[in-house]
Amino acid sequence: MDSAEKSVKGHSSMGSDEIPEIRGAVRRENIDQVDDGDSPYAHSPSVDIKDSRGWDDVSVYNAKKKNYAWFQAPDGNWELAKILSVSGTESLIAFSETKVVKVQSACLLPANPEILDGIDDLIQLSYLSEPSVLYNLQYRYDRDMIYSKAGPVLVAINPFKTIPLYGDDYIEAYKRKKKDSPHVYAIADTAIREMIRDEVNQSIVISGESGAGKTETAKIAMQYLAAVRGGTGIEYEILKTNPILEGFGNAKTARNDNSSRFGKLIEIHFSEIGRISGASIQTFLLEKSRVVQCTEGERSYHSFYQLCAGAPPSLREKLNLKSVHEYKYLQQSNCYTIPGINDAEEFGIVVEALDIVHVSKEDQENVFAMIAAVLWLGNVTFSTVDDNNHVEPVIDEALQTVAKLLGCEAEQLQIALSTKKMTISGENIIQKLTLTQASDSRDALAKSIYSCLFDWLVEQINKSLSAGKRQSGRSISILDIYGFESFDEYIQDGIDWAKVDFEDNQACLSLFEKLNPNLRSSQKPLGLLTLLDEETTFPNGTDMSFANKLKQHLNSNPCFKGERGKAFTVRHYAGDVTYDTTGFLEKNRDLLHLVSIQLLSSCKCKLPRIFASNMLSLSEKPAVVSINKSGGADSQKLSVMLKFKGQLFQLMQRLGKTSSHFIRCIKPNNSHSPGIYNQQLVLQQLKCCGVLEVVRISRSGYPTRMTHQKFARRYGFLLFDHVASQDPLTASVAILQQFGILPEMYQVGYTKLFFRTGQIGKLEDTRNSTLNGILRVQSCFRGHKARLLLRDMKRRLHYLQSFIRGQKDRKEFAVLQHRHRSAARIQKRIKARIARKEFRKLYDAADVIQAVIRGWLVRRCTDGVGLIQFGSRKDDVVVNSAYLADLQRRVLKSEIGLREKEEENEMLLQRIQQYNNRWSDYEQKMKSLEELWQKQMNSLQSSLTLAKQTLTVDDNSDPPVNLTNTETERNSNGAGTSSNEMTAGLSLISRLAEEFEQRSHVFGDDAQFLVEVKSGQAEASLNPEEELGRLKQSFEGWKKDFGARLRESKVILNKLSSEDGGGGEKVKKNWWGRLNSSRVN
């Protein structure tokens, strides 16, 4: 599509600075020049504008003085002109501020009233024409309103700058229907609501030429869907697929810095509650030729440059990466960077996105290895090996690196790039390749590796986006294509309307694919695509033979025109496009030798084996036509055209099951600069995509529509009060009848009024003239009131001025007073500083005088000390004998004091030794005390254990078998009492045992703590020796008390056993047996 549009593009490049605000400029009426016959505009009546406005929908236009109309200048641009006078079939018009010309009235197109300037829906224009549509779109574009409606189609003009129309606030506004202006958010919201309401899958179809903003528009639609219907977390993964697809599928072209070089359909799936639950991506025909060749000023795919710029050192070393300037595939275009884009940062974003869609680190390294292998393949060179110009690759760094990255031997790669297998008469023949053939084989391998890598990445993304997700079968798809319109609104408002004829493009479609009625249904269709596939299968087919075959079979089609040589022309809907068949057959074959496929299948790396398996599965499809019998190539895959037709068929089937919404992206200029609006470029795009045709069809009957309330509110003041106060419908009908609007020129719907072309303009003229009269009266009355008010204000102003001046003087006086006080403070501080400085000088002078006097006094008092000069030696000091004796006395006193301190130190060391000995004795005493405590504890424990064993033996004794029933009955009366007493005894023993355990732990912990305090391991404000005595005393008291209670317990138990012993030993055992039995039960 891009090539077709590029061929029919005009070369006009009018900028926004060349298109002034025409409407405001013309109305200045400062006309100072009239063009006569010598002016180029004098020939304007002969300009044929019928073809350029064949789709215009305007009624018969009668030029009237002071009306505004559109005039087409000789350069093809439309100018808004003011009609100064009309004479017969000619009109005198003024435009561009100072231009005045005479033109034929038939050349003028009516301009819409100002009320319709910048209207958001083109079908509501009263006069629908090329200049009206262009002016309306430019009016909105200049005010950053880049979205407009053309019936069911949203027109989006690329601003080439950031505009504040997006974000959470706008998403919330469109979600809650607080905004209804045209926007991508509005299209996405409508798709969501219709999907939920009608339970029908939706599709958002985005179209436009390269650089028009399709990719960004698709992102905006996906962001809205994710924000409104997200919440499961999968929407974040969906948005993160964009950096991956753009990195591996987008490239810089001459028309766009981020051009998608593949088709893309994103299908977003929803759960039963309307939340996003997954997605799937389908791609179409990646431009593989860009891998091996680029034109000047363009770049290959972003992934190559991102890897070379952003790979970490470890990965660079592993892949043997070089600078982008060292790879021949990237050197061809002499373009390595994109202004404002940091490839290293983009590489980090791609890696992060791969992590998010769950591509493992190992697979990521394999992906980058394949990219590096493709780059190194471009550096593989060949050398001639015989006289027949057969070549083989040179085993150098490039070949060895490729073999290492693919996981094969360099010799295997050498053979695969320099030979091919052929099957002739059932025999396999290996043929060597020439330099051209070997280069093509190398490039074919590089293209296939990259294409398979791209498909594999898309497959991994789809697995991640659909794994374990519950889906309801409902989805919204986002695609780039065109669409149509419906007339439901007429039916809903009860409006009668008739179908409108429009230009059919079926003849052009039949040129590409149409069944010949003279052929049987089993035969192939005779279309351009079929002929291309047919010629591709012939081994001797050439581009020239293909061109001749087209001329032979398609000359009868009115949309086909044969040209000289290999060229032919197709008359598309948008215009004529001439094609050159050079390279058509080779590109359509997309051939890779079987030797190369076998090489990939034998590689150690995982990805090349997967690629080979996929390519072999494609070559085995039934659609493939084998040409081995003719001695042709060794393997024939699906041709590019067959792939395209298959994908297109699946796409049309999928879209046919959805309700479609359409967005047409427009590029306002070719320089990608903000604020520039090229009329011819925009008009060409509107024609190419059929937007103008859609507008014409949409507005076929009643293009201008207005609700009853709005109509009555705008024009109701033209009626009498008693009529204007009625309900909006009655008031609207009264307005139409009062101003003579013919019934066939409008229709009254249930909620709206529908007008034919130009009717709203008449009402607007009447409204404007009435308002102008009202404004004149109001101006006179307001002038009188203003003069009265002025006199009163002057009087009041004098009083106000006097007050203000007095207030001003008082403020100025206060300021002066404040300044005076400030000056006084400053002076005081300066004077104080000067005084302190003088005082400091006097103080320093006094110090000098004192130093001199004190020096003199010292010298006078130290007569016995003097300095004596001895020849060349340094100065020696001679000291008086009295001073020397005094110094000796001081030295002796110091020595005596030192000896006394040494003696004191020895005494302290002896005390420390005594303390250490006492501490050792204390530790021994503590150990013996602990052993004594342990023995006593063991003794008590033994006694308690013995008592428990005694009770246990008594409880477990078996009753004798020879007891008579009489004895059993006699002893049964006292069994309950004995059992209760024995239970009490056992409880007492258990409590004594528990108390023993607790006390033993308490005494042990206290003794350990006192040892730690004594040794300095713990800090406490107590005397360890006193506390140890108290602890010992407490232990002795508890031991006596515990022993007494233990003895009492034994007495009680013995008493219980003696009371039950009256019947002899057998009776006692029976009692214990019965007691044990009752306890068990």
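Residues numbered from 1 in each chain as written. Predicted model: local features only at pLDDT ≥ 70, side-chain atom pairs only at ≥ 80, totals over all residues. Heavy atoms only, no water.

As for the overall build of the chain
Across its full length, the chain holds 35 helices and 26 strands. Relative to its 1081 residues, the chain shows a buried fraction of 42%. Partitioning the contacts of the chain with sequence separation of at least 6, the portion at a separation of at least 24 is 66%. Taken as a whole, the chain presents about 60100 Å² of accessible surface, with 52% of it coming from carbon and sulfur. (Helix = DSSP H or I, 4+ residues; strand = E, 2+ residues; numbered from the N terminus. Buried < 20%, exposed > 50% of the residue type's maximum accessible area, 1.4 Å probe, protein only. Contact = heavy atoms within 4.5 Å. Areas by Shrake-Rupley, 256 points an atom, 1.4 Å probe, with all protein chains shown as cover.)

Side note on the pairing of strand β6 (residues 147-150)
Taken together, the 4 bridges between β6 and strand β7 (residues 153-157) define a ladder with antiparallel strand orientation. Across the sheet, the residue bridging to S148 is V155, located in β7. Hairpin connection from β6 to β7: 2 residues lie between these consecutive antiparallel strands, with G151 at a positive phi of about 70°. (Pairing = 2+ DSSP bridges.)

What to know about the environment of A218
If you trace the backbone, A218 turns up in helix α6 (residues 214-229). Spatially, the C-alpha atoms of A218 and V184 are 8.8 Å apart, while their sequence positions differ by 34 residues. Setting aside its immediate chain neighbours within four residues, A218 contacts I206 and I478.

Some remarks on the packing of helix α27 (residues 708-715) against helix α29 (residues 728-738)
For the pair α27 and α29, interaxial distance at closest approach is 8 Å and the crossing angle is 55°. In terms of orientation, α27 lies oblique with respect to α29. Pair α27 / α29 crosses with left-handed handedness. Contacts between α27 and α29 involve H708, Q709, F711, A712 and Y715 from the first element and P728, L729, A731, S732, I735 and L736 from the second. For the contact of α27 with α29, a count of residues per class yields 8 nonpolar, 3 polar and no charged. (Axes fitted to C-alpha atoms, helices over the stretch in contact; angles between N-to-C directions. Parallel < 35°, antiparallel > 145°, perpendicular 65-115°, else oblique. Left-handed = near helix turned anticlockwise from the far one by under 90°. Nonpolar A, V, L, I, M, F, W, Y, C, P; charged D, E, K, R; others polar.)

Some details on helix α19 (residues 528-537)
Counted residue by residue, α19 has 8 buried out of 10 residues, so it is predominantly covered. Restricting attention to buried positions, one finds in α19 the residues L528, L529, T530, L531, L532, D533, E535 and T536. Next to the buried residues of α19 lie α18 (506-512), α20 (543-554), β19 (567-571), α21 (584-589) and α24 (640-656).

A word on a positive patch on the surface
Taken together, the side chains of R821, R825, K828, R829, R833, R836, K837 and K841 make up a positively charged region of the molecular surface. Positionally, K837 belongs in helix α30 (residues 759-861). By relative accessible area, which is 52% here, K837 ends up exposed. (Patch = residues over 30% accessible without salt bridge, like charges linked within 9 Å, V, L, I, M, F, W, Y side chains within 5 Å. Salt bridge = Lys/Arg side-chain N within 4 Å of Asp/Glu carboxyl O. Lys, Arg positive; Asp, Glu negative; His and termini not counted. Charge placed at Lys NZ, Arg CZ, Asp CG, Glu CD.)

Description of the pattern of salt bridges
Scanning all chains against the criterion turns up 24 salt bridges. Here K667 makes a salt bridge to E209, at a shortest N to O gap of 3.1 Å. Placement of the pair is K667 in the loop between β21 (659-666) and α25 (679-688) and E209 in the loop between β8 (202-207) and α6, with a sequence separation of 458 residues. For E209, a relative accessible area of 0% gives the class buried. The residue E534 makes a salt bridge to K549 at a minimum N-O spacing of 3.1 Å. Within this pair, whereas E534 is found in helix α19, its partner K549 is found in helix α20, the two being separated by 15 residues in sequence. Exposure remark for E534: the relative accessible area of 26% places this residue in the partly exposed category. One continuous salt-bridge network, built from bridges that share partners, spans R261, E287, R290 and E298.

Some details on helix α14 (residues 397-406)
Among the 10 residues that make up α14, 7 are buried, leaving the element largely enclosed by the rest of the structure. Of the residues making up α14, those classed as buried are A398, L399, T401, V402, A403, L405 and L406. Between the side-chain oxygen of the N-cap and the backbone nitrogen of A398 there are 3.3 Å, and the N-cap of α14 in question is D396. Downstream of α14 by one or two residues, G407 has phi in the positive range, about 85°. (Polar contact = N/O pair within 3.5 Å; in protein donor to acceptor, adjacent residues only side chain to side chain.)

A few points about the state of the cysteines
Scanning the model with the defined rule gives 0 disulfides in all. C335 forms no disulfide, and the closest cysteine sulfur to it belongs to C294, at a distance of 9.0 Å. Assessed through its relative accessible area of 11%, C335 is described here as buried. (Disulfide = S-S within 2.5 Å.)

Regarding a negative patch on the surface
A grouping of E900, E902, E903, E904 and E906 is seen on the molecular surface, where their side chains present a negatively charged patch. Note that E900 resides in helix α31 (residues 881-956).

A few points about the sheet that holds strand β22 (residues 704-707)
The strand order across the open sheet built from 3 strands is β22-β24-β23, with neighbouring strands paired in antiparallel fashion. Of all strands in the sheet, those bounded by a partner on one side alone are β22 and β23 (746-748). Averaged over all pairs of adjacent strands, the angle between their axes in this sheet comes to 15°, without regard to strand direction. Here β22 pairs with strand β24 (residues 752-755) via 4 bridges, running antiparallel. Counterpart to T707 in the pairing with β24 is K752. Sheet strands touched by α27: β22, β23 and β24. Its angle to β22, the strand with the most contacts, is close to 90°.

As for the packing of helix α9 (residues 302-310) against helix α12 (residues 343-356)
Interhelical geometry of α9 versus α12 gives an angle of 100° and a closest axis separation of 7 Å. Judged by the angle between their axes, α9 and α12 are roughly perpendicular. Two secondary-structure elements touch here, α9 through Y305, Q306, L307, A309 and G310 and α12 through D343, A344, E346, F347 and V350. In the contact of α9 with α12, the residues fall into 6 nonpolar, 2 polar and 2 charged.

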